[in-house]
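# Chains, contacts and geometry: an overview
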Amino acid sequence: KILVHEIKIKQALQNACFFFRLEGVMSKQKRKEILKLEKQMQKKASATVVLSLAEKYLDVNEPHQAVAVLIEGIELFPENLTLQVICAKYMIQHETDDISRAELIIKQVLMQQPDNFLAQQLMEQIHSQVDTMHEVARETDTQELQAQQTIRVPIEPEDNQLPEFHQELTTGYRLFHSGNI
């Protein structure tokens, strides 16, 4: 049995090593593609290059960089509504920026193109996220208020009040150190 387990562990390690080598090769290839697209952006930028570059940054798990590229693209091509919608979508999906900025971008798109279905969907998503954030905040506030307790401490406890006084101090100490006071 030990030999069988050792063989399985060895095979698993070999598979993991192969995967990481493959991932490294793929990552290296994606980085080369990103560099190529970055050069194209500097030489002759286009909305297509901006979108491709942003997508490549998402492929290597860099959503903040993808959003930065899209914002740069919006500055270069302010009339391109697709760049604006995709930028807001990335901001929302990857939580890379303030939700209010994504909302502002979507509002501007809808002013120019009220029937833009994706922009309408994103606006609904933004509103539901904002509603959820407010509900969570209210729920957290309620929980904090419920956890708070008032501690009554007599100025000079009498002998018959000492057990109660000790209990109140102990409760207060625990509440204080748990962060509820």
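Throughout this document, residue positions are counted from 1 along each chain, in the order its sequence is written. At least 70 in pLDDT is required for a residue's local features to be given in this predicted model, at least 80 for side-chain atom pairs to be given and counted, and no such filter applies to totals for whole chains, interfaces and linings, which use all residues. Excluding hydrogens and water, the side-chain figures rest on all heavy atoms present in the structure.

Here we take up the overall build of the chain. When its secondary structure is counted, the chain shows 7 helices and 0 strands. Going along the chain from the N terminus, every DSSP run of H or I of four or more residues is numbered as a helix, and every run of E of two or more is numbered as a strand. Written out in order from the N terminus, the α and β elements of the chain read α-α-α-α-α-α-α. Contacts: residue pairs with any heavy atoms within 4.5 Å of one another. Partitioning the contacts of the chain with sequence separation of at least 6, the portion at a separation of at least 24 is 43%. Residue burial considers only the protein chains on display, and all accessible areas are found by Shrake-Rupley using a 1.4 Å probe. Surface accessibility of the chain: about 13,500 Å² in total, with carbon and sulfur atoms responsible for 55%.

Two elements in contact, helix H3 (residues 63-76) and helix H4 (residues 81-93), have axes separated by 9 Å at closest approach and are oriented at 155°. Comparing the axis directions of H3 and H4 gives the class roughly antiparallel. Of the two elements, H3 crosses H4, and the hand of that crossing is left-handed. Every residue of H4 that contacts H3 at Ala66, Val67, Leu70, Ile71, Gly73 and Ile74 is listed here: Leu83, Gln84, Ile86, Cys87, Tyr90 and Met91. Of the residues that constitute the contact of H3 with H4, the class distribution is 10 nonpolar, 2 polar and no charged. Where helices are involved, their axes are fitted lines through C-alpha atoms of the stretch in contact, as for all axes, and angles between N-to-C directions lie from 0 to 180°. Angular relationships are summarised with four words: roughly parallel below 35 degrees, roughly antiparallel beyond 145, roughly perpendicular across 65 to 115, and oblique for the angles in between. In this scheme, a crossing is called left-handed if the near helix is turned counterclockwise away from the far one by less than a right angle; it is called right-handed if the turn is clockwise. Residue classes follow a fixed rule: Ala, Val, Leu, Ile, Met, Phe, Trp, Tyr, Cys and Pro count as nonpolar, while Asp, Glu, Lys and Arg count as charged, and any other residue, Gly among them, counts as polar.

A few words now on the environment of Leu110. Assignment of secondary structure puts Leu110 in helix H5 (residues 99-112). Once the C-alpha coordinates of Leu110 and Met123 are considered, the two residues, 13 residues apart in sequence, prove to be 9.3 Å apart.

Attention now moves to the confidence of the model for the chain. Should pLDDT be low for a region, the predicted coordinates there are not to be read in detail. Scored from 0 to 100, pLDDT records how confident the predictor is in each individual residue. Residues at a pLDDT of 70 or more form 57% of the chain, whose mean pLDDT is 75. Of all helices and strands in the chain, the one with the weakest mean pLDDT is helix H7 (residues 162-177) (64), whereas helix H2 (residues 47-59) scores best (93).

What follows concerns H5. Compared with the 20 Å implied by 1.5 Å per residue over 14 residues, the 20 Å span of H5 between its first and last C-alpha is a close match. When we look at burial in H5, the residues that qualify are Ile99, Ala102, Glu103, Ile105, Ile106, Val109 and Leu110. One side of H5 holds all its buried residues, which, seen down the axis, span an arc of 160°. Of the residues in H5, the exposed ones pointing more than 90 degrees away from the buried face are Met111 and Gln112. Expected span of a helix: the number of residues minus one, times 1.5 Å. Each residue gets one of three labels from its accessible area relative to the maximum for its type: buried under 20%, exposed over 50%, partly exposed in between, using a 1.4 Å probe on protein chains only. Along the arc lie the directions from the helix axis toward the C-beta atoms.

Charged atoms that come close allow side chains of opposite charge to pair. Basic side-chain nitrogens of Lys or Arg form a salt bridge, by our definition, when they fall within 4 Å of a carboxyl oxygen of Asp or Glu. Tallied over the full model, the rule gives 3 salt bridges. When the shortest N-O distance is used, the salt bridge between Glu62 and Arg31 registers 2.4 Å. Placement of the pair is Glu62 in the loop between H2 and H3 and Arg31 in helix H1 (residues 2-43), with a sequence separation of 31 residues. The partner of Glu103 in a salt bridge is Lys107, and the shortest N-O contact between them spans 3.8 Å. Linking Glu103 with Lys107, this pair stays in helix H5, spanning 4 residues, or about one helical turn.

Moving on, we come to the environment of Ile34. In this structure, Ile34 sits in helix H1. Among the residues examined, Ile34 registers a relative accessible area of 3% and is labelled buried. Beyond its immediate stretch of four places on either side in the chain, Ile34 contacts Leu53, Lys56, Tyr57 and Val60.

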